[in-house]
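Residues per chain are reported as follows:
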Amino acid sequence: MYRVVKSLLVVALVFCLVPALVSAQTLQIRVGAAGATDHAPVFVAVEKGIFAKHSLDAKVIMYPTGVEMINGLVAGAQEVNVMGSVPFLAGVSNGLPLMLIGHLHGDPNRTEYNDNVSIVASEKSGIKVGDIKALKGKRLATPFGAGGEGYLIGVLAQNGMKVSDVTMLNVKPSDLVTALRNNDVDAVSIWEPWASTAVIHVPGSVRVIAGGCQGCYDPGTILTTTKVIAEKAELLRRFMVAFAESQQWVRQNFDAAAEINMRWIPGVDLEIMKMAIRRSVYDHRMSRYTRDMYAEKTIPYLMDQKRLKKVFDPGTVIDPQFYLYAEKTAPQFYADLPPIPEAIRLK
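Residues numbered from 1 in each chain as written. Predicted model: local features only at pLDDT ≥ 70, side-chain atom pairs only at ≥ 80, totals over all residues. Heavy atoms only, no water.

**Concerning the overall build of the protein**
Here is the rule: Strands are runs of DSSP state E lasting at least two residues, helices are runs of H or I lasting at least four, and both sets are numbered from the N terminus onward. For every residue, the accessible area (1.4 Å probe, protein chains only) is compared with the maximum for its type, and the residue is labelled buried under 20%, exposed over 50%, or partly exposed between those bounds. For this analysis, residues touch if any pair of their heavy atoms sits within 4.5 Å. Only four residue types enter the charge count, namely Lys and Arg as positive and Asp and Glu as negative; His and the chain termini do not. Here the site of a charge means atom NZ of a Lys, CZ of an Arg, CG of an Asp or CD of a Glu.
In terms of regular secondary structure, the protein is built from 14 helices and 10 strands. When each of the 347 residues of the protein is scored for burial, the buried share is 51%. Contacts in the protein between residues far apart in sequence, at least 24 positions, make up 80% of those at least 6 positions apart. Across the protein, the centroid of the 37 positively charged side chains sits 4 Å from that of the 33 negatively charged ones.

Structure (structure tokens):
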């Protein structure tokens, strides 16, 4: 009788342990990223062993553009992307099965977000810090159709100016610093690390304004597809917990995170990287502002610029379940962040 009872107890113990053993199994995840300073949480999670700590075998796939990254995600080359808002919204407008599960960078308690974009002016332009009106009649360079253009238009509008008040030039990011240094343009509107590169490498240049566009909403995104959500929910839960830990590590170790970035992003000085990495808010939480500000600000702007085929309800492509899971099961990784008021929390 004792042997029978003992055997039953052993069998019961094994069955009790099965869920724990299954959950501890390492899962493979592929993450699409690019050479941008605010992609630091991905690089940190790899190098600091944070993905591995959460039983994830992560492979980072680097892409040169958002369009290629979206194509890779839809084709199944990776399960998750970290990227900007514009390719995400354009993809949804084109009928792609994309879902937003969190922010790469952003602030859930604000109705505007453009912290990683700046306008930098040359010394010869005579434009001073904070003097937006002085942009009138000047030559301003930015990559057309990207976040820098929308930011510039928004900054001009909130200061009572029109696009016709300036001469806008279409210049790709890698050429902006040279154009400013050679006085081919008076100012540039661009994201990091190019804005900080201009400040450091163009003698006498000034950061006229950083962020501060009340009509702009352009947070970073964490994307997946409806297929991955249906088939790999546990993978996404683990990823979001790991990402929360990595983002907190970045928030608390900017300089060390900048050094890690150096091994993933070529051609940027460490001094610039340390400056640039501080220009984003590393918080993956979403709120009702995510949905509402896309609808009120970002989508209308993109429609006006003919970047979207049609208007859609952004609430239909936002799934907060994975960030909410991470917040509930690992609250320590959010302890240094301000709470989201109940009135704007996503459920």
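Alright, that's what it looks like, and here's the rest.
**Considerations on the pairing of strand β3 (residues 80-83)**
Threshold: When DSSP finds two or more bridges between a pair of strands, those strands are recorded as paired.
Every second residue of β3 is oriented toward a common face, with V80 and V82 on one face and N81 and M83 on the other, all of them buried. Sheet topology note: the strand β1 (residues 27-33)/β3 ladder contains 2 bridges and is parallel. Its bridge partner lying in β3, V31 is registered against V80. Alignment of β3 against strand β10 (residues 221-225), held across 3 bridges, turns out to be antiparallel. Paired with M83 across the two strands is T221, which belongs to β10.

**Overview of the pattern of salt bridges**
Spelled out, the test is: We define a salt bridge as a side-chain nitrogen of Lys or Arg found within 4 Å of a carboxyl oxygen belonging to Asp or Glu.
Overall, the coordinates contain 18 salt bridges when judged by the stated rule. Linking E234 and R238 is a salt bridge whose minimum nitrogen-to-oxygen distance equals 3.0 Å. Of this pair, E234 and R238 both sit in helix α10 (residues 233-252), 4 residues apart, which is roughly one turn of that helix. A relative accessible area of 30% places E234 in the partly exposed class. Its relative accessible area of 8% is what places R238 among the buried residues. R278 is the partner of D255 in a salt bridge, and the nearest nitrogen-oxygen pair spans 2.8 Å. Here D255, found in helix α11 (residues 254-262), pairs with R278, found in the loop between α12 (270-276) and α13 (288-304); they are 23 residues apart in sequence, far enough to count as distant. Residue class for D255 comes out partly exposed when judged on its relative accessible area of 32%. Several salt bridges converge on common partners, so that one network encompasses D107, R110, E112 and D115.

**Remarks on the nonpolar core**
Condition: What is meant by a nonpolar core is a set of buried Ala, Val, Leu, Ile, Met, Phe, Trp, Tyr and Cys residues, joined one to another through side-chain atoms within 4.5 Å.
Among the nonpolar cores identified, the biggest contains 74 residues, and F88, L89, I222, F239 and M240 are the most heavily contacted of them. Tallying contributions element by element places α10 first for this core, with 9 residues. Those residues in contact with M240, other than ones at most four positions away along the chain, are I101, G102, I222, H284, F322, Y323 and A326. In this structure, L152, M168, A187 and V208 belong to the second largest nonpolar core, which totals 19 residues.

**Topic: the packing of aromatic side chains**
Just so we agree on the cut-off: In summary, the pairing rule links any two rings of Phe, Tyr or Trp, Trp by its six-membered ring, whose centres are within 6.5 Å, and it sorts them by plane angle into stacked for under 30 degrees, edge-to-face for over 60 and tilted for everything else. A positively charged side chain is recorded as over a ring if its NZ (Lys) or CZ (Arg) lies within 6 Å of the ring centre. The angle to the ring normal must also be within 35 degrees.
A complete count under the given rule lists 6 aromatic pairs for this structure. Their ring planes at 10° and their centres at 4.7 Å tell us that F43 and W264 sit as a pair that is stacked. With F43 in helix α2 (residues 40-47) and W264 in the loop between α11 and α12, this pair connects stretches of sequence that are 221 residues apart. Since its relative accessible area comes to 22%, W264 is described here as partly exposed. Ring geometry for F254 against Y282: centres 6.3 Å apart, planes inclined by 50°, an arrangement best described as tilted. Of the two residues, F254 is situated in helix α11 and Y282 in the loop between α12 and α13; the sequence distance between them amounts to 28 residues. For Y282, a relative accessible area of 1% gives the class buried. One aromatic cluster is present, built from ring pairs that chain together F51, F239 and F243. Its end group placed over the ring of Y325, R237 keeps NZ or CZ at 5.9 Å from the ring centre.

**A look at the packing of α2 against α10**
Stated formally: Axis definition: a line fitted to C-alpha atoms, limited for helices to the stretch in contact. Angles are taken between N-to-C directions and run from 0 to 180 degrees. Our angle categories are set so that under 35 degrees counts as roughly parallel, over 145 as roughly antiparallel, 65 to 115 as roughly perpendicular, and the remainder as oblique. Here the term charged refers only to Asp, Glu, Lys and Arg, the term nonpolar to Ala, Val, Leu, Ile, Met, Phe, Trp, Tyr, Cys and Pro, and the term polar to all other amino acids, Gly among them.
Axis separation between α2 and α10 bottoms out at 9 Å; the angle between their running directions is 105°. The orientation of α2 relative to α10 falls into the category roughly perpendicular. Packed against α2, whose contacting residues are A40, P41, V42, V44 and A45, the element α10 presents F243, S246, Q247, W249 and V250 at the interface. Partitioning the contact of α2 with α10 into residue classes produces 8 nonpolar, 2 polar and no charged.

**Observations regarding helix α4 (residues 66-75)**
This is how the line gets drawn: Working definition: the arc comes from the directions between the helix axis and the C-beta atoms, pointing outward to the latter.
When α4 is considered as a whole, its buried residues turn out to be M69, I70, G72 and L73. End-on view of α4: buried residues confined to an arc of 160°, all on one side of the axis. Those residues of α4 that are exposed and aimed more than 90 degrees away from the buried face are V67 and A75. Contact partners of the buried residues in α4: β1, β3, α5 (85-93), β4 (98-102) and β10. Immediately downstream of α4, the backbone of G76 shows phi near 90°, a positive value.

**A word on α11**
Every buried residue of α11 is listed here: A257, A258, I260 and N261. One side of α11 carries all its buried residues, which in axial view fall inside an arc of 160°. On its buried face, α11 is in contact with α2, α10 and α12.

From the geometry alone we can't say anything about function, so treat these as descriptive.
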